[in-house]
Amino acid sequence: MQTPHFERPLFFFDQSRFRQALAQGNSITVFKDAISAANAQFDARFREGEDIRALVYDRALFIDCILHYAWHQFSWSEQISLLAVGGYGRGELHPHSDIDLLILLENDGDNPHPESIEGLVTFLWDIGLEIGHSVRSLNQSVEIAREDVTVATNLLECRTVVGNAQLRDTLQMMTGPGKVWPANAFFRAKWNEQIARHGKYNHAEYNLEPNIKNAPGGLRDIQMIGWVAKRFFGVRTLRDLAGQEFFTEEEFGTLMAGEEFLWRVRYGLHMIAGRAEERLLFDHQRDLATLFGYRDSDQRLAVEQFMHAYYRIVLALRELNDVLLQYLDEAILQNASAQTITPLNRRFQLRDGYIEATDPEVFECTPSALLEIFVLMARSPDIHGMRATTIRLIRSCRRLIDEDFRQRPANNQLFMQLLGSPQGLAPQLRRMTRYGVLGRYLPEFGRVIGQMQHDLFHIYTVDAHTLLVVENMCNFHRPEAEQLYPIAAHIMRRLPKQELLYIAGLYHDIGKGRGGDHSTLGAVDAEAFCRQHQLSGRETRLVCWLVEKHLLMSAVSQKQDISDPEVIHNFALEVADQTRLDYLYALTVADMSATNPDIWNTWRASLMRQLYLETKRALRRGLENPVDLKDLVEETQVAAIDKLADKGLDEALVRNLWGDIGDDYFLREGHLDIAWQTEAIWRHRNQDPLVLIKETTSREHEGATQVFVRTKDRDNVFAATATALAQLGLNIQDARLYSSVEGYTIDTFYLLNENNEPIGNDPARVEKIRRTLLSELSLVDKYSDIIRRRTPRQLKNFAMPTRTTLSNELHNSYTVLEVISPDRPGLLAYIGRIFLEFGIQLQNAKITTLGERVEDVFFITDKSGAPLSDPKLCENLQREICRQLDQQVEES
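Fair warning: this is a prediction, and the values are worked out from it, not measured in the lab. (Residues numbered from 1 in each chain as written. Predicted model: local features only at pLDDT ≥ 70, side-chain atom pairs only at ≥ 80, totals over all residues. Heavy atoms only, no water.)

With that out of the way, let us pick up empty space enclosed by the protein. Enumeration over the complete set of coordinates arrives at four cavities of 30 Å³ or more. Considered as a void within the structure, the largest cavity measures approximately 80 Å³ in volume. Where the lining of the largest cavity is concerned, the elements lending two or more residues are α33 (651-658) and β12 (744-752). Of the residues that constitute the lining of the largest cavity, the class distribution is six nonpolar, one polar and three charged. In this structure, the second largest cavity occupies an estimated 50 Å³ of space. Looking at the second largest cavity, the residues that line it are Leu-657, Trp-658, Ile-661, Tyr-665, Ile-674, Gln-677, Thr-678, Ile-681 and Ile-746. Put simply, the parts of the chain that give the lining of the second largest cavity at least two residues each are α33 and α35 (671-684). In terms of residue count, α35 provides more of the lining of the second largest cavity than any other element does, four residues in total. Along the lines of polarity and charge, the residues of the lining of the second largest cavity split into seven nonpolar, two polar and no charged. (1 Å grid on protein atoms, 1.4 Å probe; cavity = no way out; pocket = protein on both sides within 12 Å on 5 of 7 lines; lining within 4 Å. Points joined across faces, edges and corners; volume = space filled by probe spheres on them. Helix = DSSP H or I, 4+ residues; strand = E, 2+ residues; numbered from the N terminus. Nonpolar A, V, L, I, M, F, W, Y, C, P; charged D, E, K, R; others polar.)

Below is the structure:
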């Protein structure tokens, strides 16, 4: 057996001892033992902090050696060779990367070693190697490469592991750019491939659980640069491009440092996961943060520090990918055609639709041009992009953006002009972020670039979320916003100065990560910005108020009873005028929609719409003229009676059916729903439970499925209903419960399914819900166990203790209990059972799910219908809720 010869020695692998073992024992066991020992040695070196490049290259080199010995377990001729392709072809291997192999035959239809090939492949699997392989002749390989750019890419980096090395050289010649995939076609195909790949990740570097290989700014982006550059320049490695003006020394350093960081993350990820895992899942993020030496601080968790470093590096790599691919685009695709130059001003011109500086000294001589170029692009949608030379000039001159630059009125005016260009504002803010301009002009924004929040509610980093908020605001101008966000679209057309909204969007979360209230800290920064940019005192106060109160409207809509006129009146007092209401509504909708795709749904939209419209009416009526509750009750009753008269029910009959039900029912329910429920009660005419289900008809509660339950008033009706709905995978969004002296409870629930959508037109499912509820309600006296379902993987990674607050101050009639706890199936059923144990009556519930946690508000009384007044009872109730819910999380 031949001894393999390598460029670098394998000090850790004693080949002499390995050959002796092969001669004496079972070959599969000998190979497996060698691989296992090498893996342990590699992992130990990694944990000790050895250079990652040495590890990745040494692992590939070791596998070369193993393949060499495995190859020589079988008989071969000179008409065949074993080639490494893909990442392995580059001489790179991570712990669980695929070992991609091509068994290359010289001639078509002439496979002289079918048994040896089958034996080799089986042997490699038996010894535990994760191989991907193909068997092709030279001509077959060329034909497939001609049709498939991915195959052509793999062959671009192939190398001979063992066998006839001449075959690989012939293959390289037959698949070169002069034969298949010329440089321009190859570049266009790979660029389209990257665009499609980025699209799978919403073109965002900042995903909650990012894919370090395929997401924007990941390893594939680095490889993309290498593939196209190698194809165009005809070199083997990126280092061979030195002196060809493809990248600067700084760019090459950024590329290498970024690759090393991602390699280290990928190596650790494979090692921890025990498989070829490319996603930075939450539990792996925490393990890697610990492995890399990050520690929790008073301001940020260790995992947040680690991910902050990750996001900053992939942002830098995305920026570099932009400039290098733009350079290749100009060198490969645009260079062949006649160029059209269109002057814009003395400093900038368009070359075939791409903006460029007219002189290399433009930014040095006129630093304000660092902002002007983005204003020009924002105002001219026909500009396709920026030339690579100009991107590089910006990168080298952004150091000029210092305190003196930020204080200059001309630069402040340019930035305000940018904010006054809504059509192009969002993409230019993103471009400014990628090129390092926005974080320098607004240092407070620069501090939050790449800053994550380790939860499921905020799925973007602070900077990515902020830019998405501004983009949402700009999109309110688009025609499709009339359907998606009708009120916001209407508001945007009449805002007196839209720039104020964009400023509030930029600053609403900018105080995060410093400790303290981020809304208050952000308002301080926003005030400084407004004063520096010459906004009036009134405008400054409005922006600061918006930043400080940006959470107010979502909190009121989701956590308070907005059918209560007093809640509306108090909110209207806080808002004070229609202008502030309009700005706050637009900011809140843009913010909620940019936090998490699941946050903004039809239900939350209906709550926001109801709060906006009711507050608008209160402001028109005048804050000194609050609603008379008796008049409101009477108006609702009369409207319902008129509607029921059409069904043949006279007023006396209707009022008899209503009996002694309290005024809350007529304050919180619309007259159409009251008429629908009353008619159903009349037609039911027995004491059995009544369950009605329909899609909501009132605009106030549009976007949810409404369930109406009337049954004999027993203590555990809410717990039974919550349990039944949990069994069906349905989520209660709002619950309203009314009891009468006659012994009945009338309850209304608003539901969404597991996809945060109404049930819709699904008669079979509606009937199943109805039967399940009736079955559960028939067992209330013997009550069954609460449903237990598996807690989703992501939720398990965000364990947090349950917190409760209890207050008798927010409403005269109820005690208000807020429960903040990790989300999990059946949570409301557990809380309902606890209420039952303590003799608590639930009057109303507002259910809010924020990623991995819930923030639910319950309006409760004692059995007599009075607020809780016993301090001991209040203390024990909260303690028991915390104990049971936390215990349930541990057990799941």
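So, next bit.
Another point: the side chain of Thr-804. Mapped onto the elements, Thr-804 comes out in strand β13 (residues 803-807). At a separation of 2.9 Å, a polar atom in the side chain of Thr-804 contacts the side chain of Gln-878. (Polar contact = N/O pair within 3.5 Å; in protein donor to acceptor, adjacent residues only side chain to side chain.)

Axis separation between helix α26 (residues 518-532) and helix α27 (residues 537-548) bottoms out at 8 Å; the angle between their running directions is 160 degrees. The angle between α26 and α27 places the two elements in the roughly antiparallel class. The element α26 and its partner α27 pack so that their crossing is right-handed. Counting all contacts with α26, which are made through Ser-519, Thr-520, Gly-522, Ala-523, Ala-526, Glu-527 and Cys-530, the residues of α27 involved are Thr-540, Val-543, Cys-544, Val-547 and Glu-548. (Axes fitted to C-alpha atoms, helices over the stretch in contact; angles between N-to-C directions. Parallel < 35°, antiparallel > 145°, perpendicular 65-115°, else oblique. Left-handed = near helix turned anticlockwise from the far one by under 90°. Contact = heavy atoms within 4.5 Å.)

Shape descriptors only; they carry no functional weight alone.
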